[in-house]
Structures are given as structure tokens and as C-alpha cells.
Amino acid sequence: MDFHVSLAGRGDLSVRIYRQLRDAVLDGRLRAGERLPPTRELARRLAVSRNTVAVAYDRLTADGFLTGRVGAGTYVCAELPAPKPRKAASVPGPQPKAVWRSLPPPVAAAERAPVYDFRVGIPDAALFPLETWRRLLARELRDAAGFAHYADPGGHPGLRAAIARHAGVSRSVRADADDVLVTQGAQQALDLLCRVLLEPGDRVAVEEPGYRLAKLLFASHGAEVVGVPVDGEGLDVASLPPRTKLVYVTPSHQFPLGTPMSLARRTALLEWAGRADAVVVEDDYDSEFRFSDRPLEPLQSLDRAGRVAYVGSFSKTLLPTLRLGFLVAPPSLRDALRHARQLSDWHGDLPAQAALARFVDEGLFARHLRRATKVYAERHERITATLESVFAGRLRLVPSAAGLHLCALADEGTDLEPIAARAAAGGAAVQTLSDLCGGFPRPGLVLGYGSIPLDRIDDGLATLDRAWTSPSP
Ligand SMILES: Cc1ncc(COP(=O)(O)O)c(C=O)c1O
């Protein structure tokens, strides 16, 4: 690698070269075993005499930073002190806008998966059809000419058509290819909606408890975010505050409680949106996995007034790291959304979109969903049965028949945080409602079954049981 040496400043040139190379070795920019350019070459690049560089190299070698033999090259020594972290700049540097300073720092991803992984929203990577995906992607990448130009900001045309058909058949979403905007996951769909709809200070209503990343996103756009309670039928429409511009809901599988929104509430919400001149954002993030009863009509297909923006994601059905999702927005927003997408990141990863189009078109996605649904249904059933027996009297299950997690509520006053912490120490990662939703006061646990195999569920829940019944000394 060409290491950049600067000759700016004053003093002996050899000393300046020496110091920069020494600092780079100490802070890890130059790693053990890395080869340095020959003195002649570095001298030419820096327009200094070869002797100037040779003096610096000799000193670094004498100090144990470099090693080398004439003719065999100069390398960073294999045995070095552990790199020192680079000093933080003493000046504060440029500051982000106030709204970004007011948000909590991002949650870091766990370094290692826990033994009993009940974390929410992570699908089973073992179910991902890796071989097929590799084949489809390799096929797309055979010919770079097809991807040489910037593409339509709406996304790959074949994928838009495939999504329109799939969502139409499986969820009765009313859309054709032109209505679909392919996005980098649901999160980008929400971001684009904010960009084209919200002025700073606009009021956005969200479910309480609800999806934290959506709330933070709305806040980052300068919105006034108001939580609206959720009961057994979904969002309490009667509690929506006046002058709400946008309401964000998860009607198929409320996040995190898991209940579907009743038909009466869906109708009431659409009527309210008409009266309030508001936009309803319907986040249908994981309802492809359905274990019983027929799904209710999405708001998008009940809507006759063009008020609903429907958001879908492949993060749960495939993998979150693919960053693939989509948006079906009212026609009145279509041009602005495409424009916003172009100005944001143009169109995302086209080869992956093309591969997904084939995956859907060849019926492989539907097959994958059938297979994965069976696996998740067994896990859902096993957790349900254990919660209803072993945890009876301590946890009440919230009825839920879809998705990748379920929620169980505890009695008021139960402090679940230490229980979850003890369970984590025993290898079982469970999340509390409060932890997941940024301080929601009702005690409850949300158990994901996307990444825990069936044969670990009993031991994982036994670990939770012990954490509950035998507090540590
Ligand atoms: C409520 C909700 N919406 C959407 C998503 C998916 O987001 P994305 O498609 O950006 O990965 C999640 C993932 O956890 C979620 O919980």
C-alpha cells in the first residue's frame, strides 16, 4: 500500500519521515509484516535524496520498528507493542444539527450470538437459500454491461413487477409495477416518505409501544412525535391528536405486541385519515409468516382515498443485511418519492434486485416462505406452550399468529430488567418491552424465535425461568 508521508512543517526531513512512519506503526495504520517502499522509490516520490529516507529507515530499524535486509525489502517488525489508540482531536470539530444531538446513540450490534437467542426481528440465517441466491447473483453478474449505467430510481423494473404481483396475490395489495419503489429495507421507505411529506414541527403519531427506529427517524426529520396507545384491537384511533400529518402503524402484527389491528379499527383509521387530511404509513414488516387464521385486508387495499403508503421488507423473509424492501405509495407522491430516492442514493444495488426478481418470478420465494413458515410455526407453538404452562401466573401471552416474535405481559410492578440481565448471564438473550421500545412503562417480554432453533427453546426458557425464580446471591 502507498503510505502517505507529508513533508509539511519544519525541521530535518529525515526526522519528519521517521516520526510519521513510527506513529503509523504505533497506532496500527502500518501493520506488522507490511512491506515499506524501497528507499529509492520513497525518495523519488517525496523528491528528496535517497540518503534522507535511508537515515529515517535506519533509525526506525535501530528502534525496533522496521526490519530488513539489503535487497530483500523493508518490513514492519513482527513483534511490536500493541498499537496505541490515536489521540482524540483536542478541538471539538464540527457539530451535527441540534436534532441529531438530541437523539440517543445508535445501538451497537452484538459481537457474538447468544446461546439462546430470543432477540427480536432476526430471521434464521440457516434458512436463507444461499446456494440459490449465489447462483442467481452469479448469473446477473455474468455480464457487467447490463449494469453499466445508472438505473431507474424506482429500482429494477423486473423486481418492481415481481413485488407488485407477489404483494397483490399474497396480501391483496393493489399495485402495479409503476406503483412500487424498491428501497434499502423498510427504513429507507420511511425515510423517503419523511423527506417528501414532513416539514420540521409536523406532528407524527406512532403506536405506543412501537417501533423505536421509526420513532427516531421521524424525530430526526424534525417531527413532533406523539405516542398513541395500543389496545387489543390495535391503535386507539379515538386518541389520535389533532393536526396529525402522518400516522405510522403496524396493523398486520403490531410491533412489538403482536396483535393484528381489527377491521373496525382499520376502517376507523382510514375514516379519520380522510377527515384529518393525514397520510397513513402501513408497515407490513413480517406478516408473510402466518400460522393460523386468514389475514385481514391491509389498510392499503381498504383505502379508497389514496391515503395509505404501504411498506414491505425482505429483512425478515430473507436477510436484514440484503437491505431490500419496498414502498407502494399513493400516486400523488410517486414522482416526489422517485426524485428523493435519486437524490439520496439513486437506486441501490441493482444486481441484487435483479437476482431477487428472478427468485420471486421462479416461484422460489413462495417456496422459501412456505418452508420457513413451517419452521417458525413450530417454534411459535413451542414457546407459546411453555409460556402458558411453566410461566402461567407470571406472564400473559398477547395473542399473535404471525411474524417472528411474540409478547407476554407481566403484572404491574414486576421488575423484568434484572431478570433479563440474569437470563443474559446464563446465555439467554430476551428483551423487555421497555428495552425494545425506549422505556415503555408496562412490564413485558418480547421473545423472538427467528434465530433460536427448536431444540434450544426449552433450555433457553428454562434459563429464563431460573433467572426469574432464583435471584443471584
Ligand atoms: C416494525 C418494523 N418495521 C420494519 C422492520 C424492518 O426494517 P428494515 O426493512 O429496514 O430492515 C423491522 C425490523 O426489525 C421492524 O421491527
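Residues numbered from 1 in each chain as written. Predicted model: local features only at pLDDT ≥ 70, side-chain atom pairs only at ≥ 80, totals over all residues. Heavy atoms only, no water.

An unreviewed UniProt entry annotates the protein chain as PLP-dependent aminotransferase family protein of Amycolatopsis balhimycina DSM 5908. What UniProt states about the protein chain under its Sequence similarities (unreviewed entry) heading is, verbatim, "In the C-terminal section; belongs to the class-I pyridoxal-phosphate-dependent aminotransferase family." (UniProt positions renumbered as here; feature names shortened; annotations may be inferred.)

Participant: Please set out empty space enclosed by the protein residue by residue, giving values where relevant.
Facilitator: Summed over all chains, the structure comprises four cavities of 30 Å³ or more. Lining the largest cavity are 13 residues, with H166, R171, E288, Y310 and F326 positioned closest to its centre. Put simply, the parts of the chain that give the lining of the largest cavity at least two residues each are α6 (157–171) and β11 (308–313). Split by residue class, the lining of the largest cavity holds five nonpolar, five polar and three charged. When its volume is computed, the second largest cavity comes out at roughly 70 Å³. Every residue along the wall of the second largest cavity is listed here: D178, D179, V180, L181, L327, A329, R334, L337 and R338. Looking at the lining of the second largest cavity, the elements with two or more residues in it are β5 (180–183) and α11 (334–344). The dominant element in the lining of the second largest cavity, judged by the number of residues it contributes, is α11, at three residues. Residue classes in the lining of the second largest cavity are distributed as five nonpolar, no polar and four charged. (1 Å grid on protein atoms, 1.4 Å probe; cavity = no way out; pocket = protein on both sides within 12 Å on 5 of 7 lines; lining within 4 Å. Points joined across faces, edges and corners; volume = space filled by probe spheres on them. Helix = DSSP H or I, 4+ residues; strand = E, 2+ residues; numbered from the N terminus. Nonpolar A, V, L, I, M, F, W, Y, C, P; charged D, E, K, R; others polar.)

Participant: Got a sec to walk through the domain arrangement of the protein chain? Specific residues and values, please.
Facilitator: Split into domains, the protein chain comes out as domain 1 (1–94), domain 2 (116–121 + 367–469) and domain 3 (129–366). Relative placement of domain 1 and domain 3: their C-alpha centres are 51 Å apart. (Domains from an automatic or database assignment.)

Participant: Hey, could you go over the environment of T267 for me, with residue numbers and the actual values?
Facilitator: Relative to the helices and strands, T267 is located in helix α9 (residues 263–276). Assessed through its relative accessible area of 37%, T267 is described here as partly exposed. For the pair formed by T267 and L302, sequence separation is 35 residues and the distance between their alpha carbons is 7.7 Å. A distance of 2.8 Å separates the side chain of T267 from the backbone oxygen of L263, its partner in a polar contact. (Buried < 20%, exposed > 50% of the residue type's maximum accessible area, 1.4 Å probe, protein only. Polar contact = N/O pair within 3.5 Å; in protein donor to acceptor, adjacent residues only side chain to side chain.)

Participant: Before we move on, can you summarise the layout of surface pockets with the specific residues and values?
Facilitator: Over the atoms, a rolling probe the size of a water molecule traces out where space has been left empty. Reported here for the largest pocket is a volume of approximately 1600 Å³. What lines the largest pocket is a set of 44 residues, and nearest its centre among them are V107, V120, Y211, L213 and Q431. Contributions of two or more residues to the lining of the largest pocket are made by α7 (185–197), α8 (212–220), α14 (416–425), β16 (431–432) and α15 (433–436). At five residues, the largest contribution of residues to the lining of the largest pocket is made by α8. Looking at the lining of the largest pocket, you find at least three residues from each of domain 2 (116–121 + 367–469) and domain 3 (129–366).

Participant: Can you break down the environment of A189 residue by residue, with the values?
Facilitator: As for its position among the elements, A189 is in helix α7. Sequence separation of A189 and E207 is 18 residues, and the distance between their C-alpha atoms is 18 Å. When sequence neighbours within four positions are dropped, the list of residues in contact with A189 reads T183, V311, F326 and L327. (Contact = heavy atoms within 4.5 Å.)

Participant: Tell me about helix α1 (residues 13–26), and please be specific about residues and values.
Facilitator: Taking 1.5 Å per residue as the helical rise, α1 with its 14 residues ought to reach 20 Å, and the 20 Å between its terminal C-alpha atoms agrees with that figure. Of all the residues in α1, the buried ones are S14, R16, I17, Y18, L21, A24, V25 and L26. Check the buried side of α1 and you find it contacts β1 (35–36), α2 (39–46), α3 (50–62) and β3 (73–76). Backbone nitrogen of S14 and a side-chain oxygen of the N-cap are separated by 2.9 Å at the start of α1; the cap is D12. Where α1 terminates, the next one or two residues include G28, which has phi positive at roughly 90 degrees. (Expected span 1.5 Å × (residues − 1).)

Participant: Before we move on, can you summarise unusual backbone geometry with the specific residues and values?
Facilitator: Both trends apply: most residues other than glycine have a negative phi, and most peptide bonds are in trans. Residue P209 is reached from E208 by a cis peptide bond, and omega for that bond is 5 degrees. Here P209 is to be found in the loop between β6 (203–208) and α8. With an omega of 5 degrees, the peptide bond running from F255 to P256 counts as cis. In this structure, S172 is a non-glycine residue whose phi angle is positive, near 55 degrees. One non-glycine residue, W346, lies in positive phi territory at about 70 degrees. Within the secondary structure, W346 sits in the loop between α11 and α12 (350–361).

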